[in-house]
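Reading the structure
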Amino acid sequence: KDILTSNPPKSLLFSAAMTTSGAILGPFLDSYHSSFGVLQYDAPITLQLWSTDLTHPALITTWWVPPLFGLAGFIIGWMYILLDSLTAGGDVGVDDVVVDDEDRQRRRSPSVPFVLLGIAIFTFQYWLSGVLFASSLSGAGGGDAALPFDYDRGTILILMTLYAGLGFYTLDRTLSGLLTSLATAIGGPLIEVGLISIVLPAIGGGGGGYQYM
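Since the structure is predicted, the reported quantities are computational estimates derived from the model, not experimental observations.

Cut-offs applied
Residues numbered from 1 in each chain as written. Predicted model: local features only at pLDDT ≥ 70, side-chain atom pairs only at ≥ 80, totals over all residues. Heavy atoms only, no water. Helix = DSSP H or I, 4+ residues; strand = E, 2+ residues; numbered from the N terminus. Buried < 20%, exposed > 50% of the residue type's maximum accessible area, 1.4 Å probe, protein only. Contact = heavy atoms within 4.5 Å. Areas by Shrake-Rupley, 256 points an atom, 1.4 Å probe, with all protein chains shown as cover. Phe/Tyr/Trp six-rings, centres within 6.5 Å; stacked < 30°, edge-to-face > 60°. pLDDT = per-residue confidence, 0-100. Axes fitted to C-alpha atoms, helices over the stretch in contact; angles between N-to-C directions. Parallel < 35°, antiparallel > 145°, perpendicular 65-115°, else oblique. Left-handed = near helix turned anticlockwise from the far one by under 90°. Nonpolar A, V, L, I, M, F, W, Y, C, P; charged D, E, K, R; others polar. Polar contact = N/O pair within 3.5 Å; in protein donor to acceptor, adjacent residues only side chain to side chain.

Brief notes about the overall build of the protein
- Tallying secondary structure elements over the protein gives seven helices and four strands in all.
- Put simply, the protein runs from its N terminus to its C terminus through helices and strands in the order α-α-β-β-β-α-α-α-α-α-β.
- Residue burial in the protein is summarised as follows: out of 213 residues, 31% are buried.
- At a minimum sequence separation of 6, the contacts of the protein that also span at least 24 residues come to 66%.
- Carbon and sulfur atoms make up 71% of the accessible area of the protein, which amounts to about 12900 Å² in all.

Section: unusual backbone geometry
- For L49, which is not a glycine, the phi torsion comes out positive at approximately 50 degrees.
- Within the fold, L49 resides in the loop between β2 (45-47) and β3 (59-61).
- Look at L49 and you get partly exposed, because its relative accessible area is 48%.
- Even without glycine at this site, R173 takes up a positive phi of about 65 degrees.
- When you line up the elements, R173 lands in the loop between α6 (153-171) and α7 (175-202).

Observations concerning the packing of aromatic side chains
- Per the counting criterion, the structure on display carries seven aromatic pairs.
- Ring geometry for Y41 versus W64: centroids 6.0 Å apart, planes at 75 degrees, classification edge-to-face. Taken together, the positions of Y41 in strand β1 (residues 39-41) and W64 in the loop between β3 and α3 (65-87) put the pair 23 residues apart, joining distant regions of the chain. When sorted by exposure, Y41 lands in the same class as W64, which is buried.
- Among the aromatic residues, ring-to-ring pairing joins F36, F124, W127 and Y163 into one connected group.

Quick notes on the environment of L175
- As for its placement among the helices and strands, L175 is situated in helix α7.
- Looking at L175, the relative accessible area reads 32%, which means it is partly exposed.
- L175 sits 88 residues away from T87 along the chain, and the two C-alpha atoms are 7.1 Å apart.

Re the confidence of the model for the protein
- On average, residues of the protein carry a pLDDT of 83, and 81% of them reach 70 or more.
- Ranking the helices and strands of the protein by mean pLDDT puts helix α2 (residues 8-35) first, with 94, and helix α4 (residues 101-108) last, with 68.
- The low-confidence segment residues 140-147 (pLDDT under 50) makes six contacts with residues lying over four places distant or belonging to another chain.

Comments concerning the packing of α2 against α3
- Direction vectors running N to C along α2 and α3 enclose 130 degrees, while the axes themselves pass 6 Å from each other. Comparing their axes, α3 and α2 come out oblique. You can see that α2 and α3 cross each other, and the crossing is right-handed. The segment α2 lies against α3, with S11, F14, S15, M18, T19, G22, A23, G26, P27 and D30 engaging V65, P66, F69, G70, G73, F74, G77, W78 and I81.
- When its residues are assigned to classes, the contact of α2 with α3 shows 10 nonpolar, eight polar and one charged.

Some thoughts on the environment of W78
- For W78, the location among the structural elements is in helix α3.
- Taking relative accessible area as the criterion, W78 reaches 10% and is therefore assigned buried.
- Separated by 64 residues in sequence, W78 and F14 place their C-alpha atoms 8.7 Å apart.
- Within the local environment of W78, its side chain forms a polar contact with the side chain of S15, the two groups lying 2.8 Å apart.

Right under this line is the structure:
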């Protein structure tokens, strides 16, 4: 409670920053999945921006994606703050790899370059998941574009899980980070199931329907 009420302007600024960051970054990450054929929106909103390929705009999204990612940014940001206070910033099995307090401080109060590194690693994971999915389609289709490996969904899931685990071990290794990661891994698919099966049908699709390929 003290965290939320001790400095209301700071809490509001943090909430706005996390929401805005999610609403801006999220649709561009989601665009990787549209570009590589993971999913297709019924009524996409596209912006060419820096892309020179007219068939693959830099932004491919729909109306509900920015607010959904904005909400995710808000929730994840505050989960870290609140869980850090509840767990006293505890580490996850790092006695043998954390050599001093400076490393702990770097992970709990990261510098701007360290934050940007985390964003880059997460962005690459989004891109890689799309590439692996496209590779599976290419391999299944044969021809000159076929690749030597056919990455089915199960293999892609395993690879992405290993990548996420490596990212967590490299950048975080806190108990609050582990709990937040597990919450997003479980809550993300549940939110999407609710979106597909309840919300969008209730509003008649709203032009925001989509299908996984």
